[in-house]
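Coordinate analysis (summary)
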Amino acid sequence: MNRNDIYIIHGTDYKEMTIHLLTEAGLAQEIGDRSRHIALKPNLLGTILPDTGATTHTELVCGTIEYLQSHGFRHITIMEGAWVGDSTQRAYKALGYPAISEKYGVPLVDLQKDEGVFCDAKGMKLTVCRKALESDFVINMPVLKGHCQTLITCALKNNKGLIPNAEKRRFHTMGLHKPIAYLSTVVRNDFILVDNICGDLDFEEGGNPVVMNRILGLKDPVLCDAFVCGCFGIPVDDVPYIRLAEQLGTGCADTSKARLILLNESSDTDYTQLPGSRRKTPLPRRVQKLAGYTAPKDACSACYGMLIHALNRLDEAGKLRRGLTPLGIGQGYKNQSGDIGIGSCTSCFACSLKGCPPRTADMVDFLEENWISRT
Ligand code: SF4
């Protein structure tokens, strides 16, 4: 696997998708020696369930453990430090980790109880949990989601779970961006498995999940977060810690150099079905408002999710208004005529944006030019 590779898999069987992606990426070869100590670092925050768009789905954790154990790796731990104000133990319990630990014989490490070690991060003094530093190979498992202070959060910010609570508080007094970037120079991010199943539109703690039903695999945390900016239609320069981490040598933020490896096509169209639910769940309020500008017919989850993010960008800029023509999107529009549509499926429309799926940033530009400006 190359450092500019981004593996992408779509679907709804998250554990199987995880195993498939790790197999294709050749993770076992990347790790090498079977005696190495491997740490899985999910994003738990507190007691918030994954279908809210806040925390890592446990299927990714289980799939990763099964993959590793089937390849002979025995020294595996799950480590996390919940956010300040909640306890890691409570979070583990609420999200079902004790049962996972017992089933696979994998210990749970509470980094809130771990010892802090002073590190020199390229000139910035930081305190990092000892167990995180002692791991030989760290698999970062963030959720791709929005964040009210840093706009997006994914690989680089998920590393904040590897520092003691007092240091987390200090990060906020330092404005977050600079310490997050410097932290990336001392913690390991050997592989990043991104939960892009239903990350929240704009809040770390969830509440407005946007179902995209994807899992991503990468080696470069900077490339990962730059790619996430693209998914949200946000310029990389609007998230200062990404560019700073790049300048510090952690990785490359140039997504034009990325090699996208699609392991399957986005085809599931059940974007109103929240993961884990057995019934149709109504769209959350904020997503529902944005969905009101669309007229989907069998739209793939990833494509539709990206359109929701594009509409969110336009809404934040105060550009959405009543009376706009509903946007066609989805496979149900193939070979159909219509007014304005998103994606190759609407190529017979009078006005259509090419791409399968198109990029969020292209959606924003296309909609500003061809939709918002209409009188
Ligand atoms: S353009 Fe059509 S087929 Fe392609 S991702 Fe979008 S909805 Fe799916």
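For the protein, the assigned domains are domain 1 (5-262) and domain 2 (292-372). Across the contact, 13 residues belong to domain 1 and 11 residues belong to domain 2. Counting each side, the surface lost to burial between domain 1 and domain 2 is near 1,000 Å², with a carbon and sulfur contribution of 62%. Interface area lost by domain 1 to domain 2 is led by L201, M212 and F232, which between them contribute 41%. Remark: the boundary between domain 1 and domain 2 carries 0 salt bridges. One can count 3 residue pairs in polar contact (both at pLDDT 80 or more) joining domain 1 with domain 2.

Let's shift gears to the packing of helix α3 (residues 58-70) against helix α5 (residues 97-104). Viewed as axis vectors pointing N to C, α3 and α5 meet at an angle of 10 degrees, and their least axial separation amounts to 11 Å. The angle between α3 and α5 places the two elements in the roughly parallel class. Both α3 and α5 take part in a crossing whose hand is right-handed. Of α5, the residues touching α3 (which contributes T58, V61, C62, I65, E66 and Q69) are Y97, I100, K103 and Y104. Broken down by class, the residue content of the contact of α3 with α5 amounts to 6 nonpolar, 2 polar and 2 charged.

Thresholds applied
Residues numbered from 1 in each chain as written. Predicted model: local features only at pLDDT ≥ 70, side-chain atom pairs only at ≥ 80, totals over all residues. Heavy atoms only, no water. Domains from an automatic or database assignment. Contact = heavy atoms within 4.5 Å. Buried area = accessible area lost by both parts, 1.4 Å probe. Salt bridge = Lys/Arg side-chain N within 4 Å of Asp/Glu carboxyl O. Polar contact = N/O pair within 3.5 Å; in protein donor to acceptor, adjacent residues only side chain to side chain. Axes fitted to C-alpha atoms, helices over the stretch in contact; angles between N-to-C directions. Helix = DSSP H or I, 4+ residues; strand = E, 2+ residues; numbered from the N terminus. Parallel < 35°, antiparallel > 145°, perpendicular 65-115°, else oblique. Left-handed = near helix turned anticlockwise from the far one by under 90°. Nonpolar A, V, L, I, M, F, W, Y, C, P; charged D, E, K, R; others polar.

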